[in-house]
Amino acid sequence: MSYSEKVLDHYEHPRNVGSLDKGDAQVGTGMVGAPACGDVMKLQIRVGKDGVIEDAKFKTYGCGSAIASSSLVTEWVKGKTVDEALQIKNSQIAEELALPPVKIHCSILAEDAIKAAVQDYKSKHGSVLEAPACRENCKG
Amino acid sequence: MQAVAPGFQQDFFQLFCLPTSYRLDNALLDQYYRALQEQVHPDKFSHLSEAERRISMQWSTRVNEAYQTLSNPTKRARYLLSLHGVDIQEESNTAMPADFLMKQMEWREAIEEARQARDVAELDKLESRLQHELRGLEAQLADRIDDRQDYAAAAGDVRKLKFLEKLAEEIASALDALDS
């Protein structure tokens, strides 16, 4: 199977490889894994006070498509608000990188990594992601 | 319509006359495999009609597929769960427990470091640690599938096994690369 030029470009020159401080309140960390191929992906975002993503880093152990998918989304999320970042769909990633059907799960992994990172960030800022009913139950 | 031999609907465990369980007598599986293979081997049917030869070919393929599935602990678990209507969602379920994924990252880093340092002893050590983890996970699977019928939890274990298998591949390829 041959990789598309865009996949090769990201694979050979991955953007934004690295780590951000997990403990930083402005940083959201998403860890996901694809059982089908054993790929693991860590995606981190740093969010400014205005809710815009200022920086993104990733570390991925996986095939070229998984590395390219995570590299691509770190570029895409920068400058977006966290809610805009949540709109990124795996089909857009797959289309941009011309991923063959057997590699679609790599793009799903990248989409889920963004969601996990945003969720982690929001949980640090007390966003109501959980059902409010729970808090009622916990009173008293 | 292709001729299909009777009994083709049997599942792999029935085909091998083995109990439908995760725990498996490997020696018995190997023994039955050789016996079945001998029965259906296409060479035995070279004097028969094309239809009969085709059936023997189908049987031979099915016996091989069954053996590949049952002899591999991960494939066997996935197959067994599918018989119980449980899909392990290996393509779509990316939400593994955070500590498990963190450990996966550490494993991959350790393998990468050992590969770069050309440290065969360290890779061997990682390999035996991994085998230990694999045995533990397989024992847990046997407990969940055979004893508790907790198929949802077992599906999570099979997803974990897939990651550990990948680590085994990575270690083997690192050792191969240093060997040459």
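Because the structure is a prediction, the values reported are computed rather than measured. (Residues numbered from 1 in each chain as written. Chains lettered and ligands numbered in written order. Predicted model: local features only at pLDDT ≥ 70, side-chain atom pairs only at ≥ 80, totals over all residues. Heavy atoms only, no water.)

(A) Layout of the interface of chain A and chain B. The partner chain B presents 17 residues to the 20 residues of chain A that form the contact. Taken together, both faces of the contact between chain A and chain B bury some 1,600 Å²; the carbon and sulfur share is 66%. For chain A, the biggest contributors to the area lost against chain B are Met31(A), Pro35(A) and Tyr61(A); these three give 42% of the whole. The tally of links between chain A and chain B comes to 1 salt bridge. Inspection of the chain A/chain B interface yields 6 residue pairs in polar contact (both at pLDDT 80 or more). Those elements that place two or more of their residues in the side of chain A that touches chain B are strand E1 (27-34), strand E2 (39-47), strand E3 (53-61) and helix H5 (104-124) of chain A. Tallied by class, residues from the side of chain A that touches chain B come to 11 nonpolar, 4 polar and 5 charged. (Contact = heavy atoms within 4.5 Å. Buried area = accessible area lost by both parts, 1.4 Å probe. Salt bridge = Lys/Arg side-chain N within 4 Å of Asp/Glu carboxyl O. Polar contact = N/O pair within 3.5 Å; in protein donor to acceptor, adjacent residues only side chain to side chain. Helix = DSSP H or I, 4+ residues; strand = E, 2+ residues; numbered from the N terminus. Nonpolar A, V, L, I, M, F, W, Y, C, P; charged D, E, K, R; others polar.)

(B) Geometry of the pattern of salt bridges. All names here are of chain A. Within this structure, the stated rule accounts for 22 salt bridges over all chains. Across the salt bridge formed by Glu-75 and Arg-15, the nearest N and O atoms sit 3.3 Å from each other. In this pair, Glu-75 sits in helix H2 (residues 64-77) while Arg-15 sits in the loop between helix H1 (5-12) and E1, placing the two residues 60 residues apart along the sequence. The partner of Asp-83 in a salt bridge is Lys-122, with the nearest N and O atoms 2.8 Å apart. Placement of the pair is Asp-83 in helix H3 (residues 82-85) and Lys-122 in helix H5, with a sequence separation of 39 residues. Taking relative accessible area as the criterion, Asp-83 reaches 44% and is therefore assigned partly exposed. (Buried < 20%, exposed > 50% of the residue type's maximum accessible area, 1.4 Å probe, protein only.)

(C) Molecular detail of the confidence of the model for chain A. When pLDDT is averaged along chain A, the result is 88; 89% of the residues meet or exceed 70. Confidence drops under pLDDT 50 across residues 128-140 of chain A; counting only partners more than four residues distant or on other chains, this segment forms 4 contacts. (pLDDT = per-residue confidence, 0-100.)

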